[in-house]
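Architecture at a glance
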Amino acid sequence: MSVDKAFREMIRHEIELQLKPLRAELSRLEAGTSDLDALRDVAARLAPVAAAMAPLFGAQGPKPAKRAPGRPAKVAAAPAGGKRRGRKPAAGGARSCAIIGCGSPSRTKGYCAAHYQKLRMLTKTNRRPSAWVDYAPPDSVEDVKLPRGRAAAKALAAASQGGSST
Ligand SMILES: [Zn+2]
């Protein structure tokens, strides 16, 4: 006899044992001679068995309350006006890009993200205009229009040779 079967036998035996008084009570109920206290007693005696049996049959006992009643289930939100994530604009608040007519907030060395990238590219290719100084005042530097296509290749080649063709 497997352990499993033995266990089932034991359970069945236990249930039979517990159900006997219930059956007796039921027959008395049918006969009209029952009293409620006896029924309550049987129910009380069956309760632990039911609780023990429940997991075997996949039943769920009464679930514990997830949270105390009355308390709102709000996640603590960041306080208004608190620290913001991400980059903040340069110190001084509304400082804008050094390039005239850009209008984007400055981020690095007085330039917005896009124009700082352009500045880096120009520096790397030896074409940085003299006006494009670090920390230039907002809206003070003339943008440069970069040549495109063949002209761009020519300009790059000239720049790499050390010539200044702007
Ligand atoms: Zn800009």
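Take the side chain of Arg127 next. Positionally, Arg127 belongs in the loop between helix H3 (113–124) and helix H4 (149–160). Within the buried set, Arg127 has no salt-bridge partner at all; the shortest N-O distance to an opposite charge, 12 Å, is to Asp143. In this structure the side chain of Arg127 is engaged in a polar contact, spanning 3.0 Å, whose partner is the side chain of Thr125. Residues in contact with Arg127, not counting those within four places in the same chain, are Met121, Leu122, Leu146, Ala155, Leu156 and Ala159.

Donor atoms from the polypeptide that bind the zinc ion are Cys97 (SG), Cys102 (SG), Cys112 (SG) and His115 (ND1), placed at 1.9 to 2.3 Å. In this structure, the zinc ion is coordinated by four donor atoms arranged in tetrahedral fashion, with angles at the metal of 106 to 113°. All donor residues of the zinc ion come from one chain, and their arrangement in sequence is C-x4-C-x9-C-x2-H. Here the residue Cys102 occupies a position in the loop between helix H2 (36–53) and H3, and Cys112 occupies one in the loop between H2 and H3, the gap between them amounting to ten residues.

Tracing the backbone shows His115 in helix H3. For His115, the residues in contact, after removing those within four places along its chain, are Cys97, Ile99, Cys102, Trp132 and Asp143.

The subject of this paragraph is H4. Look at H4: 17 Å from first C-alpha to last across twelve residues, which is about the 16 Å you get at 1.5 Å a residue. By the burial criterion, the buried members of H4 are Ala152, Ala155 and Ala159. Angular distribution of buried residues about the axis of H4 spans 65°; they occupy a single face of the element. Pointing more than 90 degrees away from the buried face of H4 are the exposed residues Arg150, Lys154 and Ser160.

The final tally for this structure, using the stated rule, is one aromatic pair. Consider the rings of Tyr111 and Trp132, whose centres lie 5.7 Å apart with planes at 20°: the pair is stacked. With Tyr111 in the loop between H2 and H3 and Trp132 in the loop between H3 and H4, the pair connects residues that are 21 residues apart, well separated along the chain. Like Trp132, Tyr111 is buried.

Before going further, it helps to examine unusual backbone geometry. Backbone geometry places Lys109, a non-glycine residue, at a positive phi of 55°. Of the residues examined, Lys109 reaches a relative accessible area of 29% and is grouped as partly exposed. The phi dihedral of Tyr135 falls on the positive side, at around 55°, and the residue is not glycine. Residue position: Tyr135 is located in the loop between H3 and H4.

To continue, consider the nonpolar core. Grouped together as the largest cluster of nonpolar side chains are eleven residues: Cys97, Ala98, Ile99, Tyr111, Cys112, Tyr116, Leu119, Leu122, Trp132, Ala136 and Val141. If sequence neighbours within four positions are ignored, Tyr116 has contacts with Thr108, Lys109 and Tyr111.

In this section: the pattern of salt bridges. Counted according to the given criterion, the structure contains five salt bridges. Residues Arg12 and Glu9 are paired through a salt bridge, measuring 3.3 Å at the closest nitrogen-oxygen approach. Taken together, the residues span about one helical turn, with Arg12 and Glu9 both in helix H1 (residues 3–31) at a distance of three residues. Relative accessible area serves as the criterion here: at 35%, Glu9 is assigned to the partly exposed category. Look at the salt bridges and you will find they share partners, linking Lys109, Arg128 and Asp134 into a network.

Definitions and cut-offs
- Residues numbered from 1 in each chain as written.
- Predicted model: local features only at pLDDT ≥ 70, side-chain atom pairs only at ≥ 80, totals over all residues.
- Heavy atoms only, no water.
- Helix = DSSP H or I, 4+ residues; strand = E, 2+ residues; numbered from the N terminus.
- Buried < 20%, exposed > 50% of the residue type's maximum accessible area, 1.4 Å probe, protein only.
- Lys, Arg positive; Asp, Glu negative; His and termini not counted.
- Salt bridge = Lys/Arg side-chain N within 4 Å of Asp/Glu carboxyl O.
- Polar contact = N/O pair within 3.5 Å; in protein donor to acceptor, adjacent residues only side chain to side chain.
- Contact = heavy atoms within 4.5 Å.
- Donors = N, O, S within 2.8 Å, 3.2 Å for Na, K, Ca; no water.
- Tetrahedral: all angles 85-135°; square planar, octahedral: opposite > 155°, others 65-115°.
- Expected span 1.5 Å × (residues − 1).
- Arc of directions from axis to C-beta.
- Phe/Tyr/Trp six-rings, centres within 6.5 Å; stacked < 30°, edge-to-face > 60°.
- Core = buried A, V, L, I, M, F, W, Y, C linked by side-chain atoms within 4.5 Å.

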